[in-house]
Each structure stands twice: as structure tokens, then as C-alpha cells.
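Chain by chain, the residues run as shown.
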Amino acid sequence: MDVNLVLRSTRVITPEGTRPASIAVSGGTIAAVLPYEAEVPAGARLEDVGDDVVLPGLVDTHVHVNDPGRTEWEGFWTATRAAAAGGITTLLDMPLNSLPPTTTVENLRVKQEVARAKAHVDVGFWGGALPDNVKDLRPLHDAGVFGFKCFLSPSGVEEFPELDQERLATSLAEISGFDGLMIVHAEDPHHLAAAPQRPGGAYADFLASRPRDAENTAIENLINQARRLDARVHVLHLSSSDALPVIAAAKAEGVKITVESCPHFLTLTAEEIPDGATEFKCCPPIREAVNQDALWQGLADGTIDCIVSDHSPSTADLKTPDFASAWGGISSLQLGLPAIWTEARRRGFDLTDVVRWMSEGPARLAGLTRKGAIEAGRDADFAVLAPEATFTVDPADLQHRNRITAYAGKTLHGVVTSTWLRGERIADNGTLAEPSGRLLERNN
Ligand SMILES: [Zn+2]
């Protein structure tokens, strides 16, 4: 065991709990989690972070990088710098909003080539399931995508059409044939079409246009399809807490379903969104405080498996003050950890819960067996956090391309003091190293 680095802290979050420890790193891999006082092996460098907490690097499985094709919205250079600054060491890129979308192997190769030299953190790719690309799903799976995203209602970009129930069944059957995973934007188009559509700047009108029933119905239909086909499905960005009992029942029954929610649903409320403030627009929408309370209950009881950003930026000109026509998407890649930690601590949770939701859970979802925990044999990926330190969000400090965020002006707990990828420090108090991220492929 040729240890080259020992990272020491009074508070290391391991699968067995939080304890003082010295993490021995060899060749980018965690060689051992040793007692705090362990002697530093000859030739190894000691990095003592004092009382700052060492977390496993966060895994964000829901990021829209939009590169190539809509790089004025975001790109691999800026998105992965934002990730590194925010304690995220692995991100998975969504298949849409880039041109081309990740819907064929050829398109995947184009995206990988673009990402390769720009990745400051490890990057993997989801594929996309469209009405006309069933034949491409298995080749994409064999090429290493982590699963397939589909929409059940219009996606917002014309090159990525949604699946109706029949086509969903066809794609799900194909994907379950190779034990793949389908990840689903679950809003029912018929409920959306039936909802009142009033354009303008009033948030209440926008909220009424994306009702909870649209989510609830889409999720019920998805559960029925997953049960019938014995398929693995994942609900993206759950906002409607009304769906939690149905999801919990499906899980208890053995349906292969997992669920994520996002920092904005868990830390921001409809009541506080000013009219015209379309930096808060996303689909499904941010709902009422009482809905948020129920989502936290869903996290506490395990119905919700993970928290990921759904970072989906655009240029400022697309964030018009009209909620109906503004681009839908919230930029939070760099802020997810402090945003969630701030709310979690207020609600009586601790950082081991945050690690379960933001590191372990997403790593398990994606089958990333080398990520998501601080234990021997995993990659030496760490986020070092000063949990009681506070900062006020200044968009000028953000690394993503268009510095628009729903969190501007908020005071948050938890400052990421450094981020480590395979034993190398990639962010140090906001200063970022040169890119050293790798492109990941599904490893089973
Ligand atoms: Zn998304």
C-alpha cells in the first residue's frame, strides 16, 4: 500500500457514522480509513483540515450542461467548475438541450469529445428515449450511458419530443430487456392541457398551470407500467408531495422505483416568489410551504432516495418576466449543498442525512460503486465543509456561465473549503485547479 496522502479531520462522515479519522489515499483510491492519531506513512503528505467536516464528494445525477449546441446557456468548462466549487465530484449530464441530444451512440461520442478536455469533475451521460429511437437504446446502453431519460409531456425543446403511454411501454420493454434504467419527467400532458393557462408575471397563475394532479397521474401511470413490465424506473424532480403515499406503496410492493427531489423544492416556497421572478421558474414548479414540509417527511422516511440539482440554466434574455414563456430551469449547481444543509439543520437533520441524500443515494441510483462513500476501495473524492460558517449568495461568486440564480441574496450555512477528486485538490476556497475529471461509463 503506497500511501501518498493522508487527509485528517476531527469529523469524517463514513458509512458507520461521523468520527475523527485519517483517510489514507493511494493512487487516487481510499486505501484505508485509519484512526485519527494514525502515524503518517513515510513519503505521504498530511493534509489536516481541523474541525471541518469531510464528506464523500457529492454526486449530482441531474445536470443540463447543454454542450455542444447551446453553450451560450452553459458548458462543460463552466458547469464542472461550478460543481467543483460546490463540493460535487461527479455529475451526470442530461441528454437534452445540447445539440445534438444524447440519443444515438454517434451523438454520445460527439458529447464525450467536447467534455473530455473541459471536465473539472468526473462526468457521465444519460441517454435519451424518444418516440423514434428505440433501436438506439441498446447500443447506447452498451456504449456506457447510465440510463435513459424520457418526457411524458413536452420537454421545451423540439428536438426532444415526449413519449405517449404506448411509446413509453415500447421503450420501457426494450430497456428492461437489458435491465436498464428509465428516468422520467413525470407530468401528465392531459392534466397540463386542462389546467388554466394564464400568461403573465403572477407566480400563482404559473403554479395553477402545472397542478399537482399532473405529477400524481403521471407517476401512477408510470408505476403501473413499471409493475407490468418489471422495469426499473426513476422519478425525476418530484415536487408534488401528494404522490408520496402512492410511491411508498409501490416500493413496499416491490415495484422497482426510485425518486429524487431538488434543492429548490426543499428550500424555496411558492409563497416567497415575487411576481415576475422567473429565475424561480421550473417544471414541475416550486409549490407551497405545506407541500415542502411533506417532501422533507418523504426524505426522512426514505420514500425520496436522493437530492440532485436539476441545474438547467439559460441566457438572461430567455428569463423574461412572463412565467408562461420564460425558460424553465433553476441554476443551483454550486449551491445545492449549502442550500440543503441550511434547511436540513433547521429541521433537525444532520450531515449524515445530507450525505445519504446527496452522495450515497445518487451514486447508488447510477450504479457508481466507486463513488458516494468514504471507505476503502472507493475513489478519494471529498467535499470539505465548514458547516457552521455562513455566506450570502452573490451571483458574482458563481462559476456557472449565466450568473442567474434563485438563491441570490440568501444567507446559507456551510462553506465548501476544498474539494478533492481522486486524491487531488480541485477546489481550494473558491480557487479551481486545471481540469482533471474523467469521463465515466456505467460499470455494470
Ligand atoms: Zn432537468
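Residues numbered from 1 in each chain as written. Predicted model: local features only at pLDDT ≥ 70, side-chain atom pairs only at ≥ 80, totals over all residues. Heavy atoms only, no water.

Asks: Got a sec to walk through the overall build of the protein chain? Specific residues and values, please.
Replies: When helices and strands are counted, the protein chain shows 12 helices and 18 strands. Taking 22 Å as the expected radius of gyration for a compact globule of 444 residues, we find that the protein chain reaches 21 Å, a close match to that expectation. The principal-axis extents of the C-alpha atoms in the protein chain amount to approximately 70 × 45 × 45 Å. Buried positions account for 59% of the 444 residues belonging to the protein chain. (Helix = DSSP H or I, 4+ residues; strand = E, 2+ residues; numbered from the N terminus. Rg over C-alpha atoms; globule rule 2.2 N^0.38 Å. Buried < 20%, exposed > 50% of the residue type's maximum accessible area, 1.4 Å probe, protein only.)

Asks: Tell me about the coordination of the zinc ion, and please be specific about residues and values.
Replies: Here the zinc ion is held by the protein donor atoms His62 (NE2), His64 (NE2) and Asp310 (OD), which lie 2.1 to 2.2 Å from it. Written as a sequence motif, the donor arrangement for the zinc ion is H-x1-H-x245-D. One end of the pair, His64, is in the loop between β6 (58-63) and α1 (76-85); the other, Asp310, is in the loop between β14 (306-307) and α11 (336-346), and 246 residues separate them in sequence. Judged by relative accessible area, which is 4%, His64 ranks as buried. (Donors = N, O, S within 2.8 Å, 3.2 Å for Na, K, Ca; no water.)

Asks: How would you explain the pairing of strand β10 (residues 148-151) if you had to name every residue and give the values?
Replies: Here β10 shows no split at all, with Phe148 and Cys150 on one side and Lys149 and Phe151 on the other all buried. For the crossover that starts at strand β9 (residues 127-128), traverses helix α3 (residues 134-142) and ends in the parallel β10, the hand is right-handed. As defined by bridge partners, β10 adjoins strand β11 (residues 181-185) across four bridges and the pair is classed as parallel. Residue Cys150 lies in a different strand from β11, and its bridge partner there is Val184. For the crossover from β10 across helix α4 (residues 165-177) to β11, the handedness is right-handed. (Right-handed = clockwise from strand over helix to strand, strands pointing away. Pairing = 2+ DSSP bridges.)

Asks: Any details on the pattern of salt bridges? Residues and values, ideally.
Replies: Taken as a whole and assessed by the stated rule, the structure comprises 29 salt bridges. The partner of Asp230 in a salt bridge is Lys256, and the shortest N-O contact between them spans 3.2 Å. Separated by 26 residues along the polypeptide, Asp230 in the loop between α7 (212-229) and β12 (232-235) and Lys256 in the loop between α8 (244-253) and β13 (257-261) bring together distant segments of the chain. With relative accessibility at 49%, the residue Asp230 sits in the partly exposed group. Between Asp305 and Lys251 there is a salt bridge, with its nearest N and O atoms 2.7 Å apart. Here Asp305, found in the loop between α10 (289-300) and β14, pairs with Lys251, found in helix α8; they are 54 residues apart in sequence, far enough to count as distant. (Salt bridge = Lys/Arg side-chain N within 4 Å of Asp/Glu carboxyl O.)

Asks: With reference to specific residues and values, describe empty space enclosed by the protein.
Replies: Summed over the entire model, instances satisfying the criterion amount to two cavities of 30 Å³ or more. Taken as a whole, the largest cavity holds about 80 Å³ of empty space. In this structure, the largest cavity is lined by 13 residues; those nearest its centre are Leu58, Asp60, Ile88, Ser309 and Met358. When contributions to the lining of the largest cavity are tallied by element, the ones reaching two or more residues are β6 and α11. Grouping the amino acids of the lining of the largest cavity by side-chain chemistry returns nine nonpolar, three polar and one charged. Volume-wise, the second largest cavity comes out at about 50 Å³. Contributing to the lining of the second largest cavity are Glu279, Pro313, Ser314, Lys319, Gly329, Ile330, Ser331, Ile404, Thr405 and Ala406. (1 Å grid on protein atoms, 1.4 Å probe; cavity = no way out; pocket = protein on both sides within 12 Å on 5 of 7 lines; lining within 4 Å. Points joined across faces, edges and corners; volume = space filled by probe spheres on them. Nonpolar A, V, L, I, M, F, W, Y, C, P; charged D, E, K, R; others polar.)

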